[in-house]
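Report on the structure
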Amino acid sequence: MTSETPDPSASEDEAPGHRDDGLDFARSARKAAIAGPGKAASRKKTGASFRRRTPMSSSGAHPDDRDPQLLDTAMSRLISQHGWELDLRMQAVFGRWAELVGDEVAAHCTPQSFTDTRVVVRADSTAWSTQLKLLAPTIVRRLNEELGHGTVSAIEILGPNLPNWKKGRFTSRDGRGPRDTYG
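Summary of the structure given here. Just so it is clear, the structure is predicted and the values come from calculations on it, not from any experiment. (Residues numbered from 1 in each chain as written. Predicted model: local features only at pLDDT ≥ 70, side-chain atom pairs only at ≥ 80, totals over all residues. Heavy atoms only, no water.)

Moving on to the environment of Val 152. Structurally, Val 152 is set in the loop between α7 (126–147) and β3 (154–158). For Val 152, a relative accessible area of 2% translates into the label buried. Between the C-alpha atom of Val 152 and that of Met 90, which follows or precedes it by 62 residues, the distance is 10.0 Å. Apart from residues no more than four positions distant in its own chain, Val 152 is found in contact with Phe 114, Thr 117, Val 119, Val 140, Leu 143, Asn 144 and Leu 147. (Helix = DSSP H or I, 4+ residues; strand = E, 2+ residues; numbered from the N terminus. Buried < 20%, exposed > 50% of the residue type's maximum accessible area, 1.4 Å probe, protein only. Contact = heavy atoms within 4.5 Å.)

Structural data, given as structure tokens:
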């Protein structure tokens, strides 16, 4: 059995033929592991390519997304990414409702929702519902001053929640109701 002696002038990437000690197999396995699964082993890697990193994984003197951020900056970025600006401004208006419409009006109505430039307000009586319908243009103007022109186009006024006297599956049309007086 003859053993092939390696040529000292040949580099490790250019080993000619098969060696009995299995060193050629170990070198090819190492090259395959470096290249990764499903990739062909390259001939020779330079030292600079091992040190190269992507911009997201590098650390340096310049700020990046992994650096600590101020809470105000992080919250502003989160709000703008999700498109919550108008919703938050509208909730702030709902929180200051008494300041915008006045204490007396705010004592008798509450804002319910804001969808598609329409604000839904519920009054606690039919008299205040009628009063709010008269004040609606003024309230729309004040809300647009706070939120920006054209944000609110109309106010929908809902009356008070009255009890439902319907019991069961069957009803009669044009009935006299529960025979109670509701002014």
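Anyway, onward from the coordinates.
Remark: a regular strand shows side chains that alternate across the two faces of the sheet. As defined by bridge partners, strand β1 (residues 109–115) adjoins strand β2 (residues 118–123) across six bridges and the pair is classed as antiparallel. The residue of β2 that forms the bridge with Thr 115 is Arg 118. Hairpin connection, β1 to β2: the antiparallel pair is bridged by two residues, and Asp 116 has positive phi, about 50 degrees. For β2 and β3, the ladder comprises five bridges, and the chain directions are parallel. Within β3, the residue paired with Arg 118 across the bridge is Ala 154. With α7 bridging β2 and its parallel neighbour β3, the resulting β-α-β unit is right-handed. (Pairing = 2+ DSSP bridges. Right-handed = clockwise from strand over helix to strand, strands pointing away.)

In contact at an axis separation of 10 Å, helix α4 (residues 85–95) and α7 are set at 130 degrees when each is read in the N-to-C sense. With respect to α7, the axis of α4 lies oblique. In the crossing of α4 with α7, the sense of the turn from one axis to the other is right-handed. Residues Arg 89, Met 90 and Val 93 of α4 form the contact with α7, whose participating residues are Leu 143, Glu 146 and Leu 147. Grouping the constituent residues of the contact of α4 with α7 by class yields four nonpolar, no polar and two charged. (Axes fitted to C-alpha atoms, helices over the stretch in contact; angles between N-to-C directions. Parallel < 35°, antiparallel > 145°, perpendicular 65-115°, else oblique. Left-handed = near helix turned anticlockwise from the far one by under 90°. Nonpolar A, V, L, I, M, F, W, Y, C, P; charged D, E, K, R; others polar.)

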